Amino acid sequence: FNVALMIGVGNVSNQFELGFHAPGAIYNGATVAELEAMIVHARAYVGSPCAAHAMMAIVGALTKHELIDEPLPEADVARKERTGSEKRKIAKDVLREMDPANPLLDLPDELPEDAFAPELDYIILENMYFDLWARTEVLSRRDRSVVTLGLMAALPNHDALRDHVAVAIRNGLTV
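What counts and how
Residues numbered from 1 in each chain as written. Predicted model: local features only at pLDDT ≥ 70, side-chain atom pairs only at ≥ 80, totals over all residues. Heavy atoms only, no water. Helix = DSSP H or I, 4+ residues; strand = E, 2+ residues; numbered from the N terminus. Rg over C-alpha atoms; globule rule 2.2 N^0.38 Å. Buried < 20%, exposed > 50% of the residue type's maximum accessible area, 1.4 Å probe, protein only. Expected span 1.5 Å × (residues − 1). Contact = heavy atoms within 4.5 Å. Axes fitted to C-alpha atoms, helices over the stretch in contact; angles between N-to-C directions. Parallel < 35°, antiparallel > 145°, perpendicular 65-115°, else oblique. Left-handed = near helix turned anticlockwise from the far one by under 90°. Nonpolar A, V, L, I, M, F, W, Y, C, P; charged D, E, K, R; others polar. Core = buried A, V, L, I, M, F, W, Y, C linked by side-chain atoms within 4.5 Å.

(A) Spatial organisation of the overall build of the protein chain. Helices and strands together make up the secondary structure of the protein chain, namely nine helices and zero strands. Order of helices (α) and strands (β) in the protein chain, N terminus to C terminus: α-α-α-α-α-α-α-α-α. The globule rule puts the C-alpha radius of gyration for 175 residues at 16 Å, and the 17 Å found for the protein chain is close to it. Along the three orthogonal principal directions, the C-alpha set of the protein chain runs to about 55 × 35 × 30 Å.

Printed below as a string of structure tokens:
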């Protein structure tokens, strides 16, 4: 949670805190693979520049403390080669479990031609719910919820935080 919070406040150039919290997370039992997965997860919520700065800060801190010594999971190339419709089907299955009332579940299989920026909804499905939330090899959905709550707590969007608390409960967190 602390690492996620520090990544989130990185939007205001606070990455130096990651120099303390990333090694601390390892010393407290987190793995390098989990920190890597957190950065990838965070990118969707706080943006690419913030995630890139967080990655540089975390890699620098872990290198300085000689903590990058475990093999990282191999990239899942076959996952990226799936078709958009396959990704959206899996994404909708995940979304049904996490947020059954989400309007993205009502998207048609084919991109509508008469809607404003319709591809954005498809990008959200594929990038958020297929590429992130459907991935549970390193971070479970419960763990991803902890990361997301940390990110949301750092951002001034209380509505999104409230929405993610409900999702976190569905993903196994307790009050």
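(B) Unusual backbone geometry, seen in detail. Backbone geometry at Glu66 places phi at a positive 55°, although glycine is not the residue there. Note on Glu66: relative accessible area 69%, which makes it exposed. Residues other than glycine seldom take positive phi values, yet Ala117 does so here, at roughly 45°. Its place among the elements puts Ala117 in the loop between α6 (84-98) and α7 (119-133). In this structure Ala117 comes out as partly exposed when scored by relative accessible area, which is 30%.

(C) Local environment of helix α9 (residues 158-170). Taking 1.5 Å as the rise per residue, α9 with 13 residues should run 18 Å; its terminal C-alpha atoms sit 19 Å apart, in good agreement. Summarising the contacts, the buried residues of α9 are in contact with α3 (32-46), α6 and α8 (141-154). Two residues or fewer past α9, Gly172 is found with a positive phi of approximately 110°.

(D) Looking closely at the packing of α3 against α8. Close contact between α3 and α8 brings their axes to 10 Å; oriented N to C, the two are set at 45°. When the interaxial angle is binned, α3 and α8 end up oblique. Read as a crossing pair, α3 and α8 show a hand that is right-handed. The residues of α8 that touch α3, namely those facing Ala37, Met38, His41, Ala42, Tyr45 and Val46, are Arg144, Val147, Thr148, Leu151 and Met152. By residue class, the composition of the contact of α3 with α8 is eight nonpolar, two polar and one charged.

(E) Quick look at the nonpolar core. Core analysis: the biggest nonpolar cluster contains 46 residues, and Ile7, Leu35, Ile58 and Tyr129 have the highest contact counts within it. At the level of elements, α1 (2-8), α2 (18-27), α3, α4 (48-64), α6, α7, α8 and α9 are the ones that each hand at least two residues to this core. It is α3 that provides the largest number of residues to this core, a total of eight residues. When residues no more than four places from it in sequence are discounted, the contact partners of Tyr129 are Ala91, Val94, Leu95, Met98, Asn102, Leu104, Ile124 and Ala134.

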